[in-house]
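Survey of secondary and tertiary structure
Listed below, chain by chain, are the residues.
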Amino acid sequence: MSNAFLKHASILLSIALFACHANAKTVAEAPAKGVLWEVKSATNTAYLFGSIHLAKASFYPLPQKVQKAYQQADTVAVELDATNREAVVKAMPLLTYATPDKLQNHLQPATWQTLQKMTGPAAERFQPLKPAMVATGLLVGTFARQGYDPVQGIDIHFIVRAKKDKKSIVELETMEYQAQILGGLSDEEGDAMLSQTLESLSNGEAIRDTNQLIAAWKDGNAEKVVSMLQAEANKNPGSKKIMERLLDERNPAMADKIVELMAAGKHVLVVVGAGHIAGTNSISDLLKQRGLQVRQIK
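Below: a short report on this structure. These numbers were taken from a predicted model, which means no experiment stands behind them.

To continue, consider the nonpolar core. Of all hydrophobic cores here, the largest spans 60 residues; its most connected members are L48, F49, I154, F158, W217 and L269. With near-sequence residues (within four places) excluded, F158 lies in contact with F49, L62, V66, Y70, V76, L269 and V271. Within the second largest apolar cluster, 32 residues are counted, among which are A91, Y97, W112 and L201.

Have a look at this one:
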């Protein structure tokens, strides 16, 4: 298994857990404000920054408020370290089918035919991958054609920077855990995720949605980010169930770990997908329920 493949797979895994419907098209360039929250206990202060997993070099430098949050931190907490090669090796069997099983066996005929129509002979190269990885791969390809790069992603930026500055890096989850979520989708859920992705790519809805999603993040509009993800989840029961698994069900454990880090006296900058940050059952909401003071810094 090549280093290039492992790096790509780890990035795909991280991206897939931001927003499954995401796509991208060039939007008007403006300084990125991002979505930053301050979290206070009786004895400590932490910062919570919403990440997007693909970005452009033009998104940097990030605003001064984010720079200050990073500078005061001795610890950077992320969903996972997508640069960890060994973790990718361990996770990949959860995201692929063992020969002779293959993707086509787990999709509705119409979904497979649509994938073939959209990708041509390249569809055969997807056969070893589970639907969540195929959907994410298609989206990443579209992002790349619009100038977005996983290497420029906000979480990767802070992981690389923290290692250079010798700050501690804490993973709120593991790559294996995230792979279990994506690879553990039922055939019905996986087919729904892939077919919805194919439809949104075909009709242009993904481009329109993500233009707005990225613009909202860049403008620091947490409420709009939340409303867009909620609208996506409410399209149909399948979308709602998948979004619950990818966002809501993961937030409590991440919130608990942030509380533990703060109680241990760590000065933390938490960088997680923007979909986890605001709204009902989000990390910020759960931290409030745990007695912490939480406010967005605009």
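So, next bit.
All right, on to the pairing of strand β3 (residues 75–78) then. Burial along β3 is two-sided: T75 and A77 and V76 and V78, pointing in opposite directions, are all buried. The pairing of β3 with strand β4 (residues 168–171) spans 4 bridges and is parallel. Bridge pairing links A77 to V170 in β4. Pairing of β3 with strand β5 (residues 268–273) involves 4 bridges; the strand directions are parallel. Note that in β5 the partner of A77 across the bridge is V270.

Packing of helix α8 (residues 187–203) against helix α9 (residues 205–218) leaves a shortest axis separation of 5 Å and a crossing angle of 85°. Classified by the interaxial angle, the pair formed by α8 and α9 is roughly perpendicular. Each of S200, L201 and N203 in α8 lies in contact with α9, whose residues at this interface are E205, A206 and R208. Class assignment for the residues of the contact of α8 with α9 results in 2 nonpolar, 2 polar and 2 charged.

Taking 1.5 Å as the rise per residue, α9 with 14 residues should run 20 Å; its terminal C-alpha atoms sit 20 Å apart, in good agreement. Downstream of α9 by one or two residues, G220 has phi in the positive range, about 75°.

This part takes up the environment of N221. Examined against the element boundaries, N221 turns out to sit in the loop between α9 and α10 (222–233). For N221, a relative accessible area of 25% corresponds to the partly exposed category. Sequence separation between N221 and K33 is 188 residues; the distance between their C-alpha atoms is 9.0 Å.

This brings us to the packing of aromatic side chains. Counting across every chain of the model gives 5 aromatic pairs. Measuring from centroid to centroid gives 6.2 Å for F59 and Y148, while their planes differ by 85°, and the two rings are edge-to-face. Residue F59 is found in the loop between β2 (45–51) and α2 (64–71), and its partner Y148 is found in the loop between α5 (131–145) and α6 (154–164); the two are separated by 89 residues along the sequence. Classification of F59 by relative accessible area gives buried; the value is 1%. A centroid spacing of 5.7 Å and a plane angle of 40° characterise the contact between Y70 and F158, whose relative ring orientation is tilted. Placement of the pair is Y70 in helix α2 and F158 in helix α6, with a sequence separation of 88 residues. Looking at Y70, the relative accessible area reads 2%, which means it is buried. By way of ring pairs, the aromatic residues F49, F59, Y70, Y148, F158 and W217 are connected into one cluster. Lying across the ring of Y70, K167 places its NZ or CZ 4.7 Å from the centre.

Take the pattern of salt bridges next. All chains considered together, the criterion is met by 7 salt bridges. Note that E38 and R295 form a salt bridge whose closest N and O atoms lie 2.9 Å from each other. With E38 in strand β1 (residues 35–40) and R295 in strand β6 (residues 293–297), the pair connects residues that are 257 residues apart, well separated along the chain. For E38, a relative accessible area of 11% translates into the label buried. Classification of R295 as partly exposed rests on a relative accessible area of 44%. For K163, the salt bridge goes to D81, with nearest N and O atoms at 3.2 Å. With K163 in helix α6 and D81 in the loop between β3 and α3 (85–91), this pair connects stretches of sequence that are 82 residues apart. Ionic contacts of the salt-bridge type, sharing partners, join the residues E79, E173 and R250 into one network.

Conventions and cut-offs
- Residues numbered from 1 in each chain as written.
- Predicted model: local features only at pLDDT ≥ 70, side-chain atom pairs only at ≥ 80, totals over all residues.
- Heavy atoms only, no water.
- Core = buried A, V, L, I, M, F, W, Y, C linked by side-chain atoms within 4.5 Å.
- Buried < 20%, exposed > 50% of the residue type's maximum accessible area, 1.4 Å probe, protein only.
- Contact = heavy atoms within 4.5 Å.
- Helix = DSSP H or I, 4+ residues; strand = E, 2+ residues; numbered from the N terminus.
- Pairing = 2+ DSSP bridges.
- Axes fitted to C-alpha atoms, helices over the stretch in contact; angles between N-to-C directions.
- Parallel < 35°, antiparallel > 145°, perpendicular 65-115°, else oblique.
- Nonpolar A, V, L, I, M, F, W, Y, C, P; charged D, E, K, R; others polar.
- Expected span 1.5 Å × (residues − 1).
- Phe/Tyr/Trp six-rings, centres within 6.5 Å; stacked < 30°, edge-to-face > 60°.
- Lys NZ or Arg CZ within 6 Å of the ring centre and 35° of its normal.
- Salt bridge = Lys/Arg side-chain N within 4 Å of Asp/Glu carboxyl O.

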